[in-house]
Amino acid sequence: MTLYEKIIALYPALTLQDFTTTIRLQNDSDGKGDYIAKWEHPTLPRPTEEQLA
Amino acid sequence: MSYIGNSPTNIAFQTDTFSGTGSQTAFTMSVAPANTTSVLVAVTGVLQDPSTYSVSGTTLTFSAAPPSGTSNISVRYLGIPASGVTTTAYRTVTNFTATAGQTSFSTPSYTVGYIDVFRNGVYLPTTDYTATTGTTVVLNNAATVGDTITTSSFFVSSVLNAIPATASSVSTSYLVDGAVTQAKLGTGVAGTGPAISAYADATTQTLVTATYTKILFQTEEFDTNSNFASSRFTPTVAGYYQVNAQLLFPALAGLTCLVAVYKNGSDFKEGTRTAVAASSSGGVFVSALISMNGSTDYLEIYGQQASGSNQNLTGTNNAFLNYFQAFLVRGA
């Protein structure tokens, strides 16, 4: 399951639009995988490491 | 007269001529000689000892006024200091009257290897003295009281400091920074700043939906200054860089995508987000002009697609589809 899929499972109301504005997922192609580069969603809190594990 | 080879050429030493008044002692020369030994001064045809006059800049001053006469004073320049070169006296003759047993004499500055020594008018071979300091001469055999020790010191720094005339020997260290103007450049002269072009090879690059992903450009077309590595451009010349990048996404209805230039790990410039049609692949392009510090600043290309599922870049291993280019437009 990708990071995106985990977040969507956590917050089903999020849309793709949210991931181009207030939320930025990033992958630096360095083998470390996807990560949350920015989380500025006005209402939903940033998921914790435990929630994404 | 016949010659073997080219005819010899000659040129007269530059000469000034003055008319004495019987009272005037100072005359203005056309050239500022280095010192009194740099000129031959004659009054009514009689060569004057340098001790009878002095020079300061372009002023020649006699210790006693020359007699009245028309053009009876001549000044012949043995050497003219080069303009723009700091001039040092290049030959200085000094007489010493030795004391009993004196061996060491403090001379005017000379370049080591460029000094002649005379004892009572007799030239001394270099084996008879030591002259290695640039300011002293030490005789091997002590002088007798009353001996006249004459040194002729040569200082060659003016020559050494001149820009050499040898072809291809002048480096940019002789130029003031920023001194070369646009007008000094020849027609068709282009800069030689860093320029890179690279494209994605056949390796599949998967972009997770809604995730900005660094794009790998494994194949270099050119990298003129070895500034491209690991799909990262780190120019070593400060200035303004034109950056171009293009990515190609698969034909898929509902897929939107973009390409972004990241500077130092952060999104810096983005192309327009494009909606791809089901009938054809979707290319996205970004073009930007970016200031780089020439040391730590670096650029990378990221792609992002929002389709709801993972997508692979298409058209990989084609130099004309997924590429990253940058080049120096102007210096900092």
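Remember, predicted model here, so these are calculated numbers, not experimental data. (Residues numbered from 1 in each chain as written. Chains lettered and ligands numbered in written order. Predicted model: local features only at pLDDT ≥ 70, side-chain atom pairs only at ≥ 80, totals over all residues. Heavy atoms only, no water.)

*Asks:* Explain the packing of aromatic side chains to me, please; I cannot follow it from the model alone.
*Replies:* Centre distance and the angle of the planes are the two values used to describe a pair of aromatic rings. Under the definition given, this model contains 12 aromatic pairs over all chains. Between Y212 of chain B and Y262 of chain B, the ring centres sit 6.5 Å apart and the planes meet at 45°, which makes this aromatic pair tilted. Of this pair, Y212 of chain B sits in strand β17 (residues 211-214) while Y262 of chain B sits in strand β22 (residues 256-263), and the two are 50 residues apart along the sequence. Of the two residues, Y212 of chain B and Y262 of chain B, neither departs from the other in class, the shared state being buried. It is R24 of chain A that lies over the ring of Y212 of chain B; its NZ or CZ is 3.6 Å from the centre. The ring of Y298 of chain B has R232 of chain B lying over it, and the distance from NZ or CZ to the ring centre is 3.7 Å. (Phe/Tyr/Trp six-rings, centres within 6.5 Å; stacked < 30°, edge-to-face > 60°. Helix = DSSP H or I, 4+ residues; strand = E, 2+ residues; numbered from the N terminus. Buried < 20%, exposed > 50% of the residue type's maximum accessible area, 1.4 Å probe, protein only. Lys NZ or Arg CZ within 6 Å of the ring centre and 35° of its normal.)

*Asks:* What's the story with the interface of chain B and chain A in this structure? I'm lost.
*Replies:* Accessible area lost upon the coming together of the parts serves often as the stated size of an interface. If you look at the interface, chain B gives 19 residues, while chain A gives 12 residues. Buried area between chain B and chain A, both sides added, is near 1,200 Å², and the carbon and sulfur share of it is 55%. It is A210, T211 and Y212 of chain B in chain B that bury the most area against chain A; as a group they hold 35% of the surface buried on that side. At the surface where chain B touches chain A, the tally comes to 11 residue pairs in polar contact (both at pLDDT 80 or more). Elements that contribute at least two residues to the side of chain B that touches chain A include exactly β17, β23 (266-270) and β26 (299-306) of chain B. (Contact = heavy atoms within 4.5 Å. Buried area = accessible area lost by both parts, 1.4 Å probe. Polar contact = N/O pair within 3.5 Å; in protein donor to acceptor, adjacent residues only side chain to side chain.)

*Asks:* I'm lost on helix α1 (residues 3-10) of chain A in this one. Help?
*Replies:* Working note: α-helix, 3.6 residues per turn, so residues spaced by three or four point in the same direction. Residue and element names in this part refer to chain A. What α1 keeps buried is the set L3, Y4 and I7. Projected down its long axis, α1 carries its buried residues within an arc of 100°, all on one side. Summarising the contacts, the buried residues of α1 are in contact with α2 (18-21), β1 (23-27), β2 (34-39) and α3 (49-52). (Arc of directions from axis to C-beta.)

*Asks:* What is the right way to read the confidence of the model for chain B from this model?
*Replies:* Detailed conclusions should not be drawn from predicted coordinates in areas where pLDDT is low. When pLDDT is averaged along chain B, the result is 89; 90% of the residues meet or exceed 70. Complex prediction metrics read pTM 0.59 and ipTM 0.93. (pLDDT = per-residue confidence, 0-100.)

*Asks:* Please clarify how the sheet that holds strand β5 (residues 53-56) of chain B should be interpreted in this entry.
*Replies:* The pairing of strands in a sheet happens through backbone hydrogen bonds and is either parallel or antiparallel. Residue and element names in this part refer to chain B. With respect to topology, three strands assemble into an open sheet ordered β2-β6-β5, the strand pairing being antiparallel. Strands at the two margins of the open sheet, each flanked by one partner only, are β2 (26-28) and β5. Geometrically, the sheet is characterised by an average inter-axis angle of 20° between neighbouring strands, direction not taken into account. Judged from the four bridges that link them, β5 and strand β6 (residues 59-62) form a sheet pairing that is antiparallel. Looking across to β6, one finds that V55 is bridged to L60. (Pairing = 2+ DSSP bridges. Axes fitted to C-alpha atoms, helices over the stretch in contact; angles between N-to-C directions.)

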